[in-house]
Amino acid sequence: MSRQSNRTTDSKKMNSELFTLTYGALVTQLCKDYENDEEVNKQLDKMVMVRLCFHSFPLLPRGYNIGVRLIEDFLARSSVGRCQDFRETADVIAKVAFKMYLGVTPSVTNWSPAGDEFSLILESNPLADFVELPDNHSTLVYSNLLCGALRGALEMVQMAVDVKFAQDTLRGDGVTEIRMKFIKRIEENLPAGDE
Amino acid sequence: MTVHNIYIFDRNGNCLFYNEWNRKKQAGISKEEEFKLMYGVLFSIRSFVSKMSPLDMKDGFLSFQTSKYRLHYLETPSGLKLVLNTDLSVNSARETLQHIYSNVRTRLQPRTSTE
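Think of each chain on its own: its residues are numbered from 1, step by step along the sequence as written. To label them, take the chains in the order written and letter them from A, then take the ligands in the order written and number them from 1. Reporting of local features is limited, given that this is a predicted model, to residues whose pLDDT is at least 70; pairs of side-chain atoms are given and counted only at 80 or more, and all residues count toward the totals for whole chains, interfaces and linings. Hydrogen atoms and water are omitted, and side-chain values are computed over all heavy atoms in the structure.

Engineer: Just to check I follow, could you spell out the sheet that holds strand S2 (residues 117-122) of chain A for this structure?
Structural biologist: Through backbone hydrogen bonds, the strands of a sheet pair up, either in parallel or in antiparallel fashion. Residues and elements named next belong to chain A. A strand pair is defined by DSSP finding two or more bridges across the two strands. Under the scheme used here, helices are H or I runs from DSSP no shorter than 4 residues and strands are E runs no shorter than 2 residues, and both carry numbers assigned from the N terminus. Strand order in the open sheet made by the four strands is S1-S2-S4-S3, with antiparallel pairing throughout. Both edges of this open sheet fall to strand S1 (107-109) and strand S3 (159-167), since each of them pairs with a single strand only. For this sheet, the mean angle separating the axes of adjacent strands, direction not counted, is 25 degrees. Bridge analysis of S2 against strand S4 (residues 176-185) gives six bridges, and the strand direction is antiparallel. The residue bridging Ser 119 from the neighbouring strand is Arg 179, located in S4. Throughout, a residue-residue contact means that at least one pair of heavy atoms, one from each residue, lies within 4.5 Å. What counts as an axis is a line fitted to C-alpha atoms, over the stretch in contact for a helix, and the angles between N-to-C directions run from 0 to 180 degrees. Sheet strands touched by helix H4 (residues 86-102): S1, S2, S3 and S4. Its angle to S2, the strand with the most contacts, is close to 15 degrees.

Following this line, the structure appears as structure tokens:
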């Protein structure tokens, strides 16, 4: 796909089936490229943009994860400001970000007592429509790309988080649950050499 | 109303974009030094403002003015910094800066990577 220099910030509608199938093709290819599921999970987590061209992003020479780029797009389009706490962040992720990019709104539940951990429950996962995991891929976390994207995006707004799938309908669970844990705020430093 | 110049910095202090209009007096240092100086000042003001703030602040510092110009500042949560210098007739350029961010940003994006 060639780079478009006249991209606008209008949200373009995209056929969700095409999206789902593109993602499926991507995971399938990764399964062919890498020996075991663990490695595929890792690749999905740090996914390079080059392979995933569904969002008219620029082609990048090296692996840079989706979230890192997506956050800029998200902030510009949504005009959401800085969140005051992790609860607000959770709400924005669920109600604005997921809605904007995946067209679904997960519910935010299962807060830890300390308020530093919560779950996103997805009633339906657009990435996993039409998908069945074959028996020999029992440890594959099919939608692991979402974890990487969330981690990368939040890192760019000075938040280190741990993201993983706690449940997945593809593996026989009743719902799809993404567990997010706040680790720390990343402090911004003055670049070296600037006095 | 006059817009004197605009700077856009990435999160690491690199100047991604600069342009000027009707800037009659130059700083007398190289552009590179000027960018560094500007970024350093922004960084310091930001930290000063947040230390002095009597309440939890959200957006931080928005602008400052001298007898001749006003500096408008917008920082996105992702650390992109937009600076617009205008004359004193412009009260707030916040919406303009937000507009610039939303609409022009995509062209800058390939260069904002921190890799």
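Read on for the rest.
Engineer: Help me understand the packing of aromatic side chains in this model?
Structural biologist: What describes a pair of aromatic rings is the distance from one ring centre to the other and the angle between the planes of the rings. Ring geometry is summarised as follows: Phe, Tyr and Trp rings, the Trp one being its six-membered ring, pair when their centres sit within 6.5 Å, and such pairs are stacked at plane angles under 30 degrees, edge-to-face over 60 and tilted between the two. In this structure the tally under the stated criterion is 13 aromatic pairs over all chains. Look at Trp111(A) and Phe118(A): their rings are 5.0 Å apart centre to centre, the planes differ by 35 degrees, and that puts the pair in the tilted class. With a relative accessible area of 24%, Trp111(A) lands in the partly exposed category. With 6.0 Å between their ring centres and 10 degrees between their planes, Tyr7(B) and Phe9(B) make a pair best called stacked. Relative accessibility under 20% of the residue-type maximum defines a buried residue, over 50% an exposed one, and the middle range a partly exposed one, all with a 1.4 Å probe and only protein chains included.

Engineer: Got a minute to help me understand the pairing of S2(A) in this structure?
Structural biologist: Side chains on a regular strand alternate between the two faces of the sheet. Residues and elements named next belong to chain A. With six of six residues buried, S2 lies mostly within the body of the structure. Along S2, one buried face is formed by Glu 117, Ser 119 and Ile 121 and the opposite face, lined by Phe 118, Leu 120 and Leu 122, is buried too. Note that S1 and S2 share three bridges and pair antiparallel. Across the sheet, the residue bridging to Val 108 is Leu 120, located in S2.

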